[in-house]
Amino acid sequence: MSRSTLFVDVIVPLGVPNKYTYRVPLDLNEEVVRGKRVLVEFGKSKIYTGIIYHIHELAPKNYEAKYLEAILDDKPIVNDLQLKFWDWISFYYCANPGDVMNSALPSGLKLSSTSHIQLNPDFDLEQSDHTDFSAKEHTILDALQISSALTFVDLAALLKIKAVQKPVNTLLKKGAIVVYEDVKDKYKPKLQAFYKLSPDLETESKLKETLSVLEKKSFKQAEALLYFLHLTKSKTDSSGWIRKSELLKKCDTAAIAALVKKQILLEEHFEIGRLLYEKSKDLIKKLSIQQESVYAKVRESFAQNKTVLLHGVTGSGKTEVYIQLIKDTLLEGKQILFLIPEIALTTQLITRLRAVFGEIVGVYHSRFSENERVEIWNNVLGSKNSTVNGHTEQHTYKIILGARSCLFLPFSNLGLVIVDEEHDNSFKQYDPSPRYHARDAALYLASLHKAQVLLGSATPSVESYYNAKQGKYALVNLENQFVVGGGTALEICDVNHYETSNQMKASLTPPLFNAIEKALYKKEQIILFQNRRGFAPYTECKQCGHVPHCVQCDVSLIYHKHQQKLVCHYCGYSVTPPKVCSACGSNQLHYKGMGTEKIEEDIEILFPKAKIARMDLDSTRSKYAYKQLIDDFETGQIDILIGTQMVTKGLDFNNVSVVGVLNADSLLNFPDFRSFEKAFQMLTQVRGRAGRSSEIGKVFIQTTQTDHKVIGFLKANNYLGFFEDTLAERKQFNYPPFSRLFEINVISKDINEVNHLSHELFTLLKPAFHDNLLGPEFPLISKIKNQFYKRILIKTPKQQSSQELRQIIFTSLNDLQNNFKNWRYRISIDVDPV
């Protein structure tokens, strides 16, 4: 054992700018390894889980180093490449190392004084070997049998020790407990009933005999069994299990129960969402001639180590090209990261990818509980074992599909990164810090692993397309739809004209209304897009014009009819809708504008026989709500799907013949230099939801601005023309891709402090940036959660040194801090805001 005194620099999960140095007890010298978790005391008495960043023999000069409390891991849970990636995120996005750690690690790996624990419902304490547990562990388990959950503070008092994380971590490894940070994360296994045909009836003769008996004695049971058999044949997987909720769509509960009682069907309850997937039939489709050509060009560019931008029109079959490239990467023995902007997209993609690749495909996103996220982290790390035929085998995910948080998983051999819908703003993290962009961060992550990168989109971001045109990326075009005969016919509907002539049908213009009627008659499906949830954006008094506002934010309250509440979408504040105006006392209150709830109500009245569903944040809050809606739409259980932007992104429905954009003006009139780009992208994407089969789909865009240039480019389906027009405008006003943007927000509860501090910071920055400094000014929404915001925008030349630039900003911020030490304010920095 090494007897020299060692010190470790530790990343602590707090918003402090530096790593903190701790002294290693001599008996732990051999155990300290970069990337392991350690327990450290920070502040007077709080214990946190930190990550060892650097091991050395230099004591800190400005403070006395505290000792490490404990080491939690046998092996590192964060590898060297991850720590390099964290460093880059911290530097480029001006974030504290602890903020990066908090974003990267699931809470289940950050045991702190504020954590809670509970018994794992899946762990059988009675059947376990009690000699496996120490005295401290037994004490914890006994206490958890009395109390359903305990905090770490409770455990410290119970065990009479300061650092309880070590026995808790041991119990976690043994699967006896689970950890959660907030009450909302508390672990509850979600079980659902599944049914399978009895093995005794798998022969055709036995099955016919059973059906014959049922048809004579119990017709409803026979119907239920026939529907069950229909579902098993239509499933792509070979497991044979059918979810109860699917059967109940057309079967009687009593009939299903009777089939189980007669042992015709077997019933099991599975925890959905966990690692419960079987290898399905290989459904790789043969590439078209154009797809083959694109695939060859991408491979050629990869051979030259170039990032590829795949510009493929909606419905062109980009996913099939992705699958071929994934197969190539798997043959090389490497991992694949498949990034998508919305959790909703995982539902269809995971089905498609698992049908081809089976259980080596994993999913990771924020809708999973913290404990599920720890499972997947350990799986990618390579520490998830399973027993097969008496032998312990290691099954790790080779393909990870998910949203931006996937970037932080412990990849060790990444070979391919696919960023689908690369233009999408959902790849940008807004709050809390680090405010990173997943597409740009993925490029750096891939460079660390020497992996290939493929960016895919029907409407590439202006920055990405500019990089391709400049030769930084290879540009590959996929110009035709995969299905011959498909495509869309676009009709622009002038809302002013139809409102003036009193022809509107609620929120629908006559052309859209008639198209919906025809589609319903032909048993086709419809998607209606409105980028605002709730029932009405605001409530207005007809007498005095007063509009109820949030007491904590600078926004009007949105009426949600289902909840019977006026709700703030920024802080969650809600009140019961008033019966009279709070300003003048009048009872003439009117709901103005339309959200998805209002449209749903109107459509139910206009088309009473249609099956209607709504897809927005309110209707998809539960983990599996997306999947249920998408499954129902795919199987024809829904005729009309109404939704916000989540219905525009990458979803593939063959039976959709009509798409309606109910208010394009809300996209075109937003005060932002990117608003036209975002509008063009979103309208093109929503247009792509129709015409994905061999029939021409019809798309209706309702607007009062029929002559708007974005509408003109859209009608001509002219992305290149739109790109060139936008690029010329950006060059004239020195916006990206010709400059870099830094947005600095001064935040305080006191508006006078915000005004004074933002002016002082502007003065400190002015000598360095001159005319490239804009502001300070209040944003469109200047108050959120009782905090006032005032922003300064810095435009910098792309060639300016990143190190120099950040040094100037941090020096100015430090000077501000020194000049106003007793002022209570916060600073947020957003690099490359979108």
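As a reminder, the structure under discussion sits directly above these lines.
Fair warning: this is a prediction, and the values are worked out from it, not measured in the lab.

**Q** Hey, could you go over the overall build of the protein for me, with residue numbers and the actual values?
**A** Of the regular secondary structure elements, the protein holds 25 helices and 36 strands. C-alpha extents for the protein along the principal axes are approximately 80 × 75 × 70 Å. Scored against the burial criterion, the 834 residues of the protein give a buried share of 53%. Put simply, of all contacts in the protein between residues at least 6 apart along the chain, 75% involve residues at least 24 apart.

**Q** Help me get a handle on the pairing of strand β3 (residues 37-42), residues and values and all.
**A** Among the six residues in β3, five count as buried, and that is most of the element. The sheet contact formed by β3 and strand β4 (residues 46-56) spans six bridges and is antiparallel. If you follow Leu39 over to β4, its bridge partner there is Thr49. Counting the residues that bridge the hairpin from β3 to β4 gives three residues, and of these Gly43 lies at a positive phi of roughly 85°.

**Q** Describe the sheet that holds β4, listing the residues and the values that go with them.
**A** In spatial order, the strands read β2-β1-β4-β3-β5; together these five strands make up an open sheet with antiparallel pairing. With one partner strand each, in any of the chains shown, β2 (20-23) and β5 (70-71) form the two edges of the open sheet. Most of the contacts of helix α1 (residues 80-92) go to β4, to which it runs at about 105°, and overall it touches β1 (7-11) and β4. Docked against the sheet, helix α5 (residues 165-173) engages β3, β4 and β5, running at close to 150° with respect to β3.

**Q** Report on the packing of aromatic side chains, specifying residues and quantitative values.
**A** Going through the model one piece at a time under the given rule, you end up with 24 aromatic pairs. Arranged with centres 5.1 Å apart and planes meeting at 10°, the rings of Trp88 and Tyr92 form a pair that is stacked. Highlighted residues: Trp88 and Tyr92, both in helix α1, separated by four residues, approximately one helical turn. Across the pair, exposure class does not vary: Trp88 and Tyr92 are buried alike. For the pair Phe673 and Tyr735, a centre-to-centre distance of 4.3 Å together with 15° between the ring planes defines the contact as stacked. Of this pair, Phe673 sits in the loop between α20 (665-668) and α21 (675-687) while Tyr735 sits in the loop between α23 (719-733) and β32 (739-748), placing them 62 residues apart in sequence. Taken together, the ring pairs in this structure connect Tyr465, Phe680, Phe713, Tyr719, Phe722 and Phe723 into an aromatic cluster. Over the ring of Tyr53 we find Lys19; its NZ or CZ atom is 4.2 Å from the centre of that ring.

**Q** Can you break down the environment of His269 residue by residue, with the values?
**A** Locating His269 in the fold gives a position in strand β11 (residues 265-271). Here the alpha-carbon distance between His269 and Ala193, two residues 76 residues apart in the chain, equals 4.5 Å.

**Q** Residue-level account of the state of the cysteines, with values.
**A** Scanning the entire structure with this criterion turns up zero disulfides. Free of any disulfide, Cys553 has its nearest cysteine sulfur in Cys571, 3.8 Å distant. A disulfide-free cysteine, Cys571 has its sulfur positioned 3.6 Å from the sulfur of Cys550, the nearest such atom. A relative accessible area of 23% places Cys571 in the partly exposed class.

**Q** Break down helix α6 (residues 204-217) for me, citing the residues and quoting the values.
**A** Counted at 1.5 Å a residue, the expected span for α6 with its 14 residues is 20 Å, and the 20 Å between its end C-alpha atoms agrees. Those residues of α6 that fall on the buried side of the exposure criterion are Leu207, Thr210, Leu211 and Leu214. Projection of α6 onto a plane perpendicular to its axis shows the buried side chains occupying an angular sector of 100°, all on one side. Facing away from the buried surface of α6 by more than 90 degrees, the exposed residues are Ser205, Lys208, Glu209, Lys216 and Lys217.

**Q** Which residues make up the pairing of strand β35 (residues 787-797), and what values do they have?
**A** Most of β35 sits inside the fold, with nine of its 11 residues counted as buried. One ladder, built from 10 bridges, connects β32 with β35; its direction is antiparallel. Residue pairing across strands places Arg740 opposite Thr796, the latter belonging to β35. Across three bridges, strand β33 (residues 773-777) lies against β35 in antiparallel orientation. Its bridge partner lying in β35, Glu777 is registered against Arg791. With two bridges joining them, strand β34 (residues 783-784) and β35 adopt antiparallel strand pairing. Each residue of the ladder has a partner; that of Ile784, found in β35, is Gln787.

**Q** Quick one: what's the story with the packing of helix α3 (residues 135-146) against α5, residue by residue and with numbers?
**A** Interhelical geometry of α3 versus α5 gives an angle of 75° and a closest axis separation of 10 Å. With respect to α5, the element α3 is oriented roughly perpendicular. In contact with Glu137, Ile140 and Leu141 of α3, α5 contributes Pro167, Val168, Thr170 and Leu171. Split by residue class, the contact of α3 with α5 holds five nonpolar, one polar and one charged.

**Q** Break down the sheet that holds strand β25 (residues 565-567) for me, citing the residues and quoting the values.
**A** Strand order in this open sheet of three strands is β24-β25-β26, and the pairing throughout is antiparallel. Two strands bound the open sheet, and with one partner strand each, they are β24 (558-560) and β26 (574-575). For β25 and β26, the ladder comprises two bridges, and the chain directions are antiparallel. Following the sheet pairing, Leu566 is matched in β26 by Val575.

**Q** Lay out the pattern of salt bridges with the relevant residues and their values.
**A** Under the definition given, this model contains 24 salt bridges. With a shortest N-O distance of 3.8 Å, Asp87 and Lys19 are connected by a salt bridge. Remark: Lys19 occurs in the loop between β1 and β2 and Asp87 occurs in helix α1; sequence separation between them is 68 residues. Using a relative accessible area of 27% as the deciding quantity, one classes Asp87 as partly exposed. Its relative accessible area of 28% is what places Lys19 among the partly exposed residues.

**Q** Describe the packing of helix α15 (residues 462-469) against α23, and please don't skip the residues or the numbers.
**A** When two helices pack together, their arrangement is captured by the angle between the axes and the distance separating the axes. Two elements in contact, α15 and α23, have axes whose closest approach is 11 Å; the angle formed by their N-to-C orientations is 95°. If you check the angle between α15 and α23, you find them roughly perpendicular. Here Val462, Glu463, Tyr465, Tyr466 and Lys469 of α15 lie close against α23, whose contacting residues are Tyr719, Leu720, Phe723, Thr726, Leu727 and Arg730. Broken down by class, the residue content of the contact of α15 with α23 amounts to seven nonpolar, one polar and three charged.

**Q** Give a detailed account of the environment of Gly585, specifying residues and quantitative values.
**A** For Gly585, the location among the structural elements is in the loop between β26 and β27 (589-592). What makes Gly585 partly exposed here is its relative accessible area of 43%. In this structure the C-alpha to C-alpha distance between Gly585 and Cys541, which are 44 residues apart in sequence, comes to 9.3 Å.

Rules used throughout
- Residues numbered from 1 in each chain as written.
- Predicted model: local features only at pLDDT ≥ 70, side-chain atom pairs only at ≥ 80, totals over all residues.
- Heavy atoms only, no water.
- Helix = DSSP H or I, 4+ residues; strand = E, 2+ residues; numbered from the N terminus.
- Buried < 20%, exposed > 50% of the residue type's maximum accessible area, 1.4 Å probe, protein only.
- Contact = heavy atoms within 4.5 Å.
- Pairing = 2+ DSSP bridges.
- Axes fitted to C-alpha atoms, helices over the stretch in contact; angles between N-to-C directions.
- Phe/Tyr/Trp six-rings, centres within 6.5 Å; stacked < 30°, edge-to-face > 60°.
- Lys NZ or Arg CZ within 6 Å of the ring centre and 35° of its normal.
- Disulfide = S-S within 2.5 Å.
- Expected span 1.5 Å × (residues − 1).
- Arc of directions from axis to C-beta.
- Parallel < 35°, antiparallel > 145°, perpendicular 65-115°, else oblique.
- Nonpolar A, V, L, I, M, F, W, Y, C, P; charged D, E, K, R; others polar.
- Salt bridge = Lys/Arg side-chain N within 4 Å of Asp/Glu carboxyl O.

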